[in-house]
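# Secondary and tertiary structure notes
Here's the letter readout for the chains.
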Amino acid sequence: MTVVADDGAVYVGDWAWIVCLWATWEHRATAVRLASPAMRPVARAMVQVAAGLRSRNSELIGGDYADGCDGQCDRQG
């Protein structure tokens, strides 16, 4: 996952996931906890599990995550 902030900052991987959590008011406290050095391994593990589930779902139903996209999430490369 990649997140580009309004100021142009780019976040990838677990940092991107933490930024998305922080952007939602109900998950902001969780994001703050996961951003701490002690909890970053937990955040990384959660991102890896989510990616594995997405990959597994793609195998089961076919296609890619961007296949149903409205054009706003086209991948580069």
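The structure contained in this document is the topic of the report that follows. (Residues numbered from 1 in each chain as written. Predicted model: local features only at pLDDT ≥ 70, side-chain atom pairs only at ≥ 80, totals over all residues. Heavy atoms only, no water.)

For W17, the location among the structural elements is in helix 1 (residues 13-23). Along the chain, W17 and M1 lie 16 residues apart, while their C-alpha atoms are 7.2 Å from each other. Residues within four places of W17 in sequence aside, it is in contact with M1, L34, A43, M46 and V47. (Helix = DSSP H or I, 4+ residues; strand = E, 2+ residues; numbered from the N terminus. Contact = heavy atoms within 4.5 Å.)

A pair can form between side chains of opposite charge whenever their charged atoms are brought close. Counting across every chain of the model gives 2 salt bridges. A salt bridge links R44 to D14, with the shortest nitrogen-to-oxygen separation between them at 3.4 Å. Taken together, the residues span a long stretch of sequence, with R44 in helix 3 (residues 40-61) and D14 in helix 1 at a distance of 30 residues. Through salt bridges with shared partners, one network takes in D14, R40 and R44. (Salt bridge = Lys/Arg side-chain N within 4 Å of Asp/Glu carboxyl O.)

This part is about a nonpolar patch on the surface. Together, V4, V10 and V12 make up an exposed nonpolar region whose accessible area comes to about 280 Å². Examined against the element boundaries, V4 turns out to sit in strand 1 (residues 2-4). The exposure class assigned to V4 is exposed, which follows from its relative accessible area of 57%. (Patch = residues over 30% accessible without salt bridge, like charges linked within 9 Å, V, L, I, M, F, W, Y side chains within 5 Å. Areas by Shrake-Rupley, 256 points an atom, 1.4 Å probe, with all protein chains shown as cover. Buried < 20%, exposed > 50% of the residue type's maximum accessible area, 1.4 Å probe, protein only.)

Counting residues in each nonpolar core, the largest one holds 5 residues, listed as I18, L21, A31, L34 and A43. When residues of this core are traced back to their parent elements, those giving at least two are helix 1 and helix 2 (28-34). (Core = buried A, V, L, I, M, F, W, Y, C linked by side-chain atoms within 4.5 Å.)

Here we take up the side chain of D14. Overall, the relative accessible area of 10% leaves D14 in the buried class. A distance of 2.7 Å separates polar atoms of two side chains, one belonging to D14 and the other to R40. (Polar contact = N/O pair within 3.5 Å; in protein donor to acceptor, adjacent residues only side chain to side chain.)

Turning our eyes to something else, we now look at the side chain of R40. One can find R40 in helix 3. Exposure remark for R40: the relative accessible area of 12% places this residue in the buried category. Among all residues touching R40, those that are not within four sequence positions of it are D14, W15, I18, L34 and A35.

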